[in-house]
Amino acid sequence: MNPDQLTIHDRLHALADGQLDAEQTRYVLAQVETDLELQKELCEIQRIKHLVKSAYPLPALTRQPVRRTQVWQQAAMYLLVFGLIFLAGAGSSHYAPKLWQPEGLTLENAAAYDDRFIVFLDSHEPAKLEKALVKAENLAQQVAPKDGSVYVVTSAEGIDLLRLGTTRHEGRILQMSEQYPHLKFVACSNTLYSFKQRNELVELVNDTEVAPSAVEFVVNHMRDGWRYIAI
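Thresholds, definitions, all that
- Residues numbered from 1 in each chain as written.
- Predicted model: local features only at pLDDT ≥ 70, side-chain atom pairs only at ≥ 80, totals over all residues.
- Heavy atoms only, no water.
- Helix = DSSP H or I, 4+ residues; strand = E, 2+ residues; numbered from the N terminus.
- Buried < 20%, exposed > 50% of the residue type's maximum accessible area, 1.4 Å probe, protein only.
- Salt bridge = Lys/Arg side-chain N within 4 Å of Asp/Glu carboxyl O.
- Axes fitted to C-alpha atoms, helices over the stretch in contact; angles between N-to-C directions.
- Left-handed = near helix turned anticlockwise from the far one by under 90°.
- Contact = heavy atoms within 4.5 Å.
- Nonpolar A, V, L, I, M, F, W, Y, C, P; charged D, E, K, R; others polar.

Along the chain, the position of G225 falls in the loop between α8 (214-223) and β7 (227-230). G225 sits 111 residues away from D114 along the chain, and the two C-alpha atoms are 8.8 Å apart.

Given below as structure tokens:
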């Protein structure tokens, strides 16, 4: 996806992911304020994020302290309000998080498979990068006899795993991809967009796939029975 051609719906996901700058945040919030359907959509995005995180919490990002401007405080307020609205109804959702064996989070009322896995990474801590690769390779070996699939989905700081000039694992990733054709690596377009907003050029390891939103990608696959593992 070309970041310059993001639709308002793409920007809602980016807002929920914390990937918009102040100007873009003002733009999105101005539209949300006057559009009930956009308010509902933003609520749904927040609910989906909660479904994923509530039963299998994701690691917090490590960032330098920043001074919050009024626009970021406004964005936080909107997301909190919208999140609370939908969390109140999350218990009655058709898709509720539930832990299954042998490993990973699945969604209740969605057919669960034991040969389709998503490994989610949003941290660039060296230990977690290593853990993600070890987990992905072990799962790739596990599902190979069943013709299964494994996705390593990166978002926020986790994209450093796939970022050329930053990653120390390019050769290993390419080797794993060649050895296990059913193992794929995915980068979040919202994260790439945030780099572009800072005028930073990001090149990714060869054959990396790009998803418009990491959270949306994860939940859509979970609805199809994929198992979710957070690093």
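Attention now goes to helix α1 (residues 8-16). Within α1, 8 of the 9 residues are buried, which leaves it mostly tucked inside the rest of the structure. Of all the positions in α1, only I8, D10, R11, L12, H13, A14, L15 and A16 are classed as buried.

Counted according to the given criterion, the structure contains 4 salt bridges. In this structure, the salt-bridge partner of K146 is D114, at a minimum N-O distance of 3.5 Å. Placement of the pair is K146 in the loop between α5 (126-143) and β4 (149-154) and D114 in the loop between β2 (105-107) and β3 (116-121), with a sequence separation of 32 residues. Among the residues examined, K146 registers a relative accessible area of 42% and is labelled partly exposed. For D114, a relative accessible area of 35% gives the class partly exposed. Close ionic contact of R163 with E200 constitutes a salt bridge, the shortest N to O distance being 3.3 Å. Residue R163 is found in the loop between β4 and α6 (170-179), and its partner E200 is found in the loop between α7 (189-197) and β6 (209-211); the two are separated by 37 residues along the sequence. Here the salt bridges share partners, and the residues they tie into one network are R163, R198 and E200.

Right, let's get into the packing of α1 against helix α2 (residues 22-33). At a minimum axis distance of 10 Å, the contact between α1 and α2 shows a crossing angle of 115 degrees. The way α1 lies across α2 gives a crossing that is left-handed. Of the residues in α2, those in contact with I8, R11, L12 and L15 of α1 are Q24, T25, Y27, V28, L29, Q31 and V32. Here the residues of the contact of α1 with α2 sort into 7 nonpolar, 3 polar and 1 charged.

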